[in-house]
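Spelled out, the chains give:
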Amino acid sequence: MNKCFFKLGERFQYKWLFIRGFWRILYFALIAKFGYVSTNVNEVNGYRISVGTITPLEEYASYKHKLAGWVFYEPVLLYY
């Protein structure tokens, strides 16, 4: 388990975070604590995220992905 409470990698596009909101990612991570994987509904600047699973989601198979970091010890995947 990652020891970081909130850590997003240096390659993460912080522009996405500012547009969609810091609080939205925190909300996704809280929901993931109850076993629900969350994704953003609308693509922003060509990016989507999922919170709560370390494996890529099937519906985003056409996207490249990378581990963007951890929030509340839940993995954040970035699809681009």
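Residues numbered from 1 in each chain as written. Predicted model: local features only at pLDDT ≥ 70, side-chain atom pairs only at ≥ 80, totals over all residues. Heavy atoms only, no water.

Chemist: Honestly, the overall build of the protein chain in this entry has me stumped. Any pointers?
Modeler: Of regular secondary structure, the protein chain possesses two helices and five strands. Reading the helices (α) and strands (β) of the protein chain from amino to carboxyl end gives β-α-α-β-β-β-β. Taking all contacts inside the protein chain whose residues are at least 6 apart in sequence as the whole, residues at least 24 apart take part in 47%. As displayed, the protein chain offers around 5,100 Å² of accessible surface, 57% of which is attributable to carbon and sulfur atoms. (Helix = DSSP H or I, 4+ residues; strand = E, 2+ residues; numbered from the N terminus. Contact = heavy atoms within 4.5 Å. Areas by Shrake-Rupley, 256 points an atom, 1.4 Å probe, with all protein chains shown as cover.)

Chemist: Explain the environment of alanine 61 to me, please; I cannot follow it from the model alone.
Modeler: Within the secondary structure layout, alanine 61 lies in the loop between strand E3 (48-51) and strand E4 (65-71). Look at alanine 61 and you get exposed, because its relative accessible area is 65%. For the pair alanine 61 and tyrosine 79, spaced 18 residues apart in sequence, the C-alpha separation works out to 9.3 Å. (Buried < 20%, exposed > 50% of the residue type's maximum accessible area, 1.4 Å probe, protein only.)

Chemist: Looking at this model, I keep getting lost on the nonpolar core. Mind explaining?
Modeler: Grouped burial of nonpolar side chains is what soluble globular proteins tend to show. Ranked by internal contacts, the top residues of the largest apolar core, which has 15 residues, are Leu8, Ile49, Val51, Val71 and Val76. Mapped by element, the contributors of at least two residues to this core are helix H2 (22-32), E3, E4 and strand E5 (74-79). Here this core gets five residues from one element, more than from any other, and that element is H2. (Core = buried A, V, L, I, M, F, W, Y, C linked by side-chain atoms within 4.5 Å.)

Chemist: I would appreciate a short explanation of the confidence of the model for the protein chain in the present structure.
Modeler: Caution applies to low-pLDDT regions: their predicted coordinates should not be interpreted in detail. On average, residues of the protein chain carry a pLDDT of 82, and 81% of them reach 70 or more. Within the protein chain, E5 carries the highest mean pLDDT (90), whereas helix H1 (residues 14-20) carries the lowest (67). (pLDDT = per-residue confidence, 0-100.)

Chemist: Is there a simple way to think about the sheet that holds strand E2 (residues 38-39) in this case?
Modeler: Sheet strands pair via backbone hydrogen bonds, and the direction of the pair is either parallel or antiparallel. Read from one edge to the other, the open sheet built from five strands follows the order E1-E4-E5-E3-E2, with strand pairing classed as antiparallel. Of all strands in the sheet, those with a lone pairing partner are strand E1 (6-8) and E2, marking the two edges. In the sheet, E4 pairs with E5 via six bridges, with the strands oriented antiparallel. Among the inter-strand pairings, valine 71 is bridged to a residue of E5, identified as glutamate 74. Contacts between H2 and the sheet are confined to E1, E2, E3, E4 and E5, with E3 contributing the most and set at about 35° to the helix. (Pairing = 2+ DSSP bridges. Axes fitted to C-alpha atoms, helices over the stretch in contact; angles between N-to-C directions.)

Chemist: For this particular structure, what's the right way to read H2?
Modeler: Each α-helix winds once per 3.6 residues, and so residues spaced three or four apart point in a common direction. When we look at burial in H2, the residues that qualify are Ile25, Leu26, Phe28, Ala29 and Ala32. The arc enclosing the buried residues of H2, seen along the axis, measures out at 160°, which places them on a common side. Opposite the buried face of H2, by more than 90 degrees, sit the exposed residues Trp23 and Tyr27. (Arc of directions from axis to C-beta.)

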